[in-house]
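# Residue-level structure breakdown
As a plain string of letters, each chain reads:
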Amino acid sequence: MSRAPAAADLMTTEDRLQGYAELHNFGLAHLKSSALKCAVDLGIPSAISSCGGAATPREIMNKTHLVPAKLPYLRRLMRVLAVAGIFDESSPADEGGEITTAYSLTPVSRLLASDGSSSASDMSALLLLFTRPQTTVSIFFDLAAWFRDQGAATPFEMAHGVSPWSLTKADASFNEAMNLGCVADSEFIMSIVLKEAGGLFHGLTSLVDVGGGHGMAAAAISRAFPHLRCTVLDLEQVITKAPHRGTVQFITGDMFSYIPPADACFLKAVLNSWDDDSCIKVLRRCKEAIAARDAGGKVIIVNMVLGHGTTLDKPTKEAQVLLDMYMMRGSGFEREEHEWRKVILEAGFTTCTIMPVLGPVSIIVAF
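Since the structure is predicted, the reported quantities are computational estimates derived from the model, not experimental observations. All residue numbers refer to positions counted from 1 along the written sequence of the respective chain. Side-chain atom pairs in this predicted model are given and counted only at pLDDT of 80 or more, local residue features only at pLDDT of at least 70, and totals for whole chains, interfaces and linings cover all residues. Only hydrogens and water are set aside; all other atoms, that is, all heavy atoms of the structure, feed into the side-chain values.

## Overview of the packing of helix α4 (residues 57-64) against helix α5 (residues 71-83)
The test is simple: Lines fitted to C-alpha atoms define the axes, with helix axes restricted to the stretch in contact, and inter-axis angles between N-to-C directions lie between 0 and 180 degrees. Helix numbers and strand numbers start at the N terminus; a helix is a DSSP run of H or I with at least 4 residues, a strand a run of E with at least 2. Roughly parallel means an angle under 35 degrees; roughly antiparallel, over 145; roughly perpendicular, 65 to 115; everything else is oblique. Helix crossings are classified by the rotation of the near helix relative to the far one: an anticlockwise turn of less than a right angle makes the crossing left-handed, while a clockwise turn makes it right-handed. By definition in these notes, contact holds between two residues if any of their heavy atoms fall within 4.5 Å.
The contact between α4 and α5 brings their axes to 10 Å, and the two run at 110°. Overall, the two elements α4 and α5 adopt an arrangement that is roughly perpendicular. Between α4 and α5 the crossing geometry is right-handed. Residues Pro 57, Arg 58, Ile 60 and Met 61 of α4 pack against Leu 71, Leu 74, Arg 75 and Met 78 of α5.

As structure tokens, this is what we get:
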């Protein structure tokens, strides 16, 4: 009896070689995020920025005070990051009798460069949260085991024995990484929210930032609308570490139990951390807290809506589905439009609108 041809045997040589190259790309993709984390840890984007936006490996080495003997390895690191699109690579130049290449910032690496001051463009803390070995990367190392495991509710619980929110109580470094990552994301996103959709806050006199962490989003809203009384509601281990944010008031509390009254509730990157039943419960507490629509009451949600975005090119789609898989570590997930409408309507709201004005992220307004 003749053997059925293997799948690879049915491919052309060109297809097989392309598949061979892509297999290496996918199998070693973790090295790209590891290389990017290394660059941020070393301060390479900031070093290039301080050199006027372009620098050779030797200039980067001097700026970041690296061991001179590691220069050949730095060149290899920069080459990987250039091919990945993190940096632009210029034509080789003569540097003191040595042919070398200069590297400049791209839109990605510009978001990771800091001049030492507070900057709405410095997203380093978020990148470091995504690439944190112990509490992010390692929990996906054996995802197949979790799929076969009938006991662990989430990959995070299988790895650590508790939920992410419980670990923030026990692990101060993880709590800090979570808070700093959220601050960086809020500072960046809110600069665009207030520019593109600032009208959502007109007419409001009070707002509760539910699960608002260290209050960066509330502070941005408060600066743009000084008359607006902004309050942040979050857990004790978060609130106790929050810095002073001008007139923003911080309240320790559980959003599943009670949300203080206000004209509007604001939830940024909160509901995607929870399952549908939990989201409905939080939204019901929000509905109890706000006035009716004709009195200006509303809930403003900043989150991804899968399939929506300013542009739906490959990077945007990939960002959406990757963040959805990242949320698998806990009980949350990124929702499609019909899934958002389901939880909002079941919570008792009658209307919701979606504004895709934040790249892969959208603004959802529920009345």
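## Let's talk about the pairing of strand β6 (residues 206-210)
Just so we agree on the cut-off: Buried residues are those whose accessible area, probed at 1.4 Å on protein chains only, stays under 20% of the maximum for their type, while exposed residues exceed 50% and partly exposed ones sit between those limits. Whether two strands pair depends on DSSP finding at least two bridges between them.
Among the 5 residues of β6, 5 are classified as buried, and the element is accordingly described as predominantly covered. Of the two faces of β6, the one carrying Ser 206, Val 208 and Val 210 and the one carrying Leu 207 and Asp 209 are both buried. Where β6 and strand β7 (residues 229-234) come together, 5 bridges link them in parallel fashion. If you follow Leu 207 over to β7, its bridge partner there is Cys 230. Relative to strand β9 (residues 264-268), β6 runs parallel, the two sharing 3 bridges. The residue bridging Asp 209 from the neighbouring strand is Phe 266, located in β9.

## Topic: the pattern of salt bridges
Put simply, the test is: Any carboxyl oxygen of Asp or Glu within 4 Å of a side-chain nitrogen of Lys or Arg constitutes a salt bridge here.
In total, this model carries 8 salt bridges according to the counting rule given. Here Lys 342 and Glu 346 are joined by a salt bridge, their closest N and O atoms 3.3 Å apart. Of the two residues, Lys 342 and Glu 346 are both situated in helix α17 (residues 337-346); the distance of 4 residues between them amounts to about one turn of the helix. Judged by relative accessible area, which is 40%, Glu 346 ranks as partly exposed. Salt bridges linked by common partners bring Asp 276, Arg 335, Lys 342 and Glu 346 together as one network.

## Notes on the sheet that holds strand β2 (residues 87-89)
On the basis of which strands lie adjacent, the open sheet formed by 3 strands has the order β1-β5-β2 and antiparallel pairing. On the outer flanks of this sheet lie β1 (54-55) and β2, each paired with one strand and no other. Here 2 bridges tie β1 to strand β5 (residues 103-105), and the two strands are oriented antiparallel to one another. Looking across to β5, one finds that Ala 54 is bridged to Ser 104. Taken strand by strand, α5 contacts β2 and β5, and its axis lies near 105° from that of β2.

## Focus on the side chain of Ser 109
Relative to the helices and strands, Ser 109 is located in helix α6 (residues 107-110). Since its relative accessible area comes to 0%, Ser 109 is described here as buried.

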